[in-house]
Every structure is written in structure tokens, then in C-alpha cells.
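# Analysis of the macromolecular model
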Amino acid sequence: MIAAGESLFASLFPGNCRLCNAPLARIRRIPVCEVCQQAIHSLEGSVCSICGERLLGEPAPERRCLECIRFARPFARAVAYGSYEGELRALIHLLKYQRVRPAAAVLGRMLAESVAGLLEESTDGSAVVIPIPLHRAKQRQRGFNQTELIARAMVEHLYVPGLKLEVSVLRRCRMTESQTGLTRSQRRRNVRGAFTIQNPGTIAGRDILLVDDVFTTGTTVSECARLLRRAGAARVWVATVARVIKREAIFIQVREQPAMKSEPAELRAAAEA
Ligand SMILES: [Zn+2]
Ligand SMILES: [Zn+2]
């Protein structure tokens, strides 16, 4: 039985770890070796209580980054499992670009870990889970929406009765250009009108858990959160598997806190760069 399983596995994922190329010693759920999987860990230390950006100093309940102090966010809180780099980034790419679907189960489990704390804020543990949709043409091209697969795996793993996946409310009606290199206002213009809400009755008065694979600048989830709130949602939380940690945001925090006696070497380096 095991031999049959192994040969089936070998035909599915022949040979080597798709992240580091080391030979795979035994059957694994995904074609990624133990070492690479162990290298993925959750964000640690102090983060902004609204957007999840990493901050300097000791963790404290309601600390905010400068951006969240300056601008009101349309979402109540955004959490992310890990930093968008290294093996976590590679694992997301394995699902998204190399179409290794079983990776969604692993990523969904990570997301479930980050979301468990959020759900405690909900009065009855219930929320509508909405994955950020792809444009129809993009989804047809890829064959699936990776965010939907991750959200589905997260819901299954959490096994909370009041948690329901809803994929028909939020629609992406226009393709958007890459956000890379755009200013804040250009990014907002870029996503304006890209999404619409169907059947708003489904979300009226409900708490929403908006799911995406990566939080980069937060422009897309902000636009969706704005629409959902306008359509009657009570609160919108955001959960992403990974988050881009901005070096410059950390740098600003360094300058904002001149009383700090010793900075970690990596931050000093970032400040001098
Ligand atoms: Zn590996
Ligand atoms: Zn923030």
C-alpha cells in the first residue's frame, strides 16, 4: 500500500524539493522538504494594531504605525501570518504560479493560526469569509483563485460553526495594473471601480473576514473593505498569509523614537542606507 502510494507520489512530485532542490526522502503533502517548511515562521515582535506593520519596541496592545495614525483605515484590523520573503514567499509562488494546489492546505493552516485571535473579538465567533476575487479572465487562465483555495482550507481547519465562506458577494469587474511603483493616490485610482458588490443582503450587519494571499500596500483590501462597509457590513477584518514589511516604515519609527538607546544592527543599517 505504502509502495503504491509512494510511486503515485513520485509521479505527482518527482524527486526534489521545489524550493531548495534537496531530494525528498518520503511522502509529503507538498513537494517541499522538511527543512524548507520548518524555515517558515510567523511574524514576531511588535506590530501595528491596525494594519499589522512591524514596529520597533516591545509589543503593546494598541500601538499604531505612522500611516495608521495619519490615515483612517476602512478595515478594523489586518493580520498576517508571516513576512513575505524567503520560503513563505516561495510557497505562495508554488501555489500561484506553479499551480501546486496542495500548498493551499498548508497556507490555509497558517492563516487559521493568525485568524483565531481575531475571531475572539467577534461577539459569537461568526463572520462571513470573503476571499479577494480574481478577474474572470485571470481565473480562467490560472484555473483557480489561489486566495479562495487558501480561505477554504482556513475555514475547514478552524472548524468554527459560524464561519461561512462566501464567494459570490465580491466581484472583480475590471483588471488592474500592477501597483508597483505607483504613489498612494495612483494606487487608489488604479483599484477604484475594479470591484462590485452583489447581493448586499448577505453581508448586511455582518462581520466580514476579508482574505488575501499577500498584503503589499493594503490598497486592494482597503478598496474592498470600503465597498463592503458601504454595502452594510458591520466590521471588516483582513487576514493575509504574508505581509510585505516596509523597511522605510521601520526607519521612520527609529527616527520617531530618539530615546532608544540601542537599535538592532539591521535597523541601523537600514537607516544608514
Ligand atoms: Zn527544501
Ligand atoms: Zn498600521
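Parameters and conventions
Residues numbered from 1 in each chain as written. Chains lettered and ligands numbered in written order. Predicted model: local features only at pLDDT ≥ 70, side-chain atom pairs only at ≥ 80, totals over all residues. Core = buried A, V, L, I, M, F, W, Y, C linked by C-beta atoms within 7 Å. Buried ≥ 20, exposed ≤ 12 C-beta atoms within 10 Å, placed from the backbone. Helix = DSSP H or I, 4+ residues; strand = E, 2+ residues; numbered from the N terminus. Domains from an automatic or database assignment. Contact = placed C-beta atoms within 7 Å. Expected span 1.5 Å × (residues − 1). Pairing = 2+ DSSP bridges. Right-handed = clockwise from strand over helix to strand, strands pointing away.

## Concerning the nonpolar core
Counting residues in each nonpolar core, the largest one holds 62 residues, and the members touching the most others are Leu107, Leu111, Ile150, Ile208, Leu210 and Val211. Breaking this core down by element, the ones donating at least two residues are strand E1 (77-83), helix H4 (86-96), helix H5 (103-119), strand E2 (127-131), helix H7 (146-158), strand E6 (207-215), helix H9 (219-230) and strand E7 (235-243). Looking at this core, you find at least three residues from each of domain 1 (1-39) and domain 2 (45-272). Once you skip the residues sitting within four places of it in the chain, Leu111 turns out to touch Tyr81, Ile150, Met154, Ala239 and Val241.

## Notes on H7
The terminal C-alpha atoms of H7 lie 18 Å apart, and with 13 residues this matches the ideal 18 Å at 1.5 Å per residue to within 8%. Restricting attention to buried positions, one finds in H7 the residues Gln146, Thr147, Glu148, Leu149, Ile150, Ala151, Ala153, Met154 and Val155. Among the structural elements, H4, H5, E2, strand E3 (163-165), E6 and E7 are those in contact with the buried residues of H7. Downstream of H7 by one or two residues, Tyr159 has phi in the positive range, about 55°.

## With respect to the pairing of E6
Of all nine residues making up E6, eight are buried, and the element is well covered by its neighbours. Examined bridge by bridge, E2 and E6 share four bridges and lie parallel to one another. In the strand pairing of E6, Val129 is matched with Leu209. As paired elements, E6 and E7 share eight bridges and run parallel to each other. Note on E7: the bridge partner recorded for Phe215 is Arg243. The handedness of the E6 to E7 crossover, carried by H9, is right-handed.

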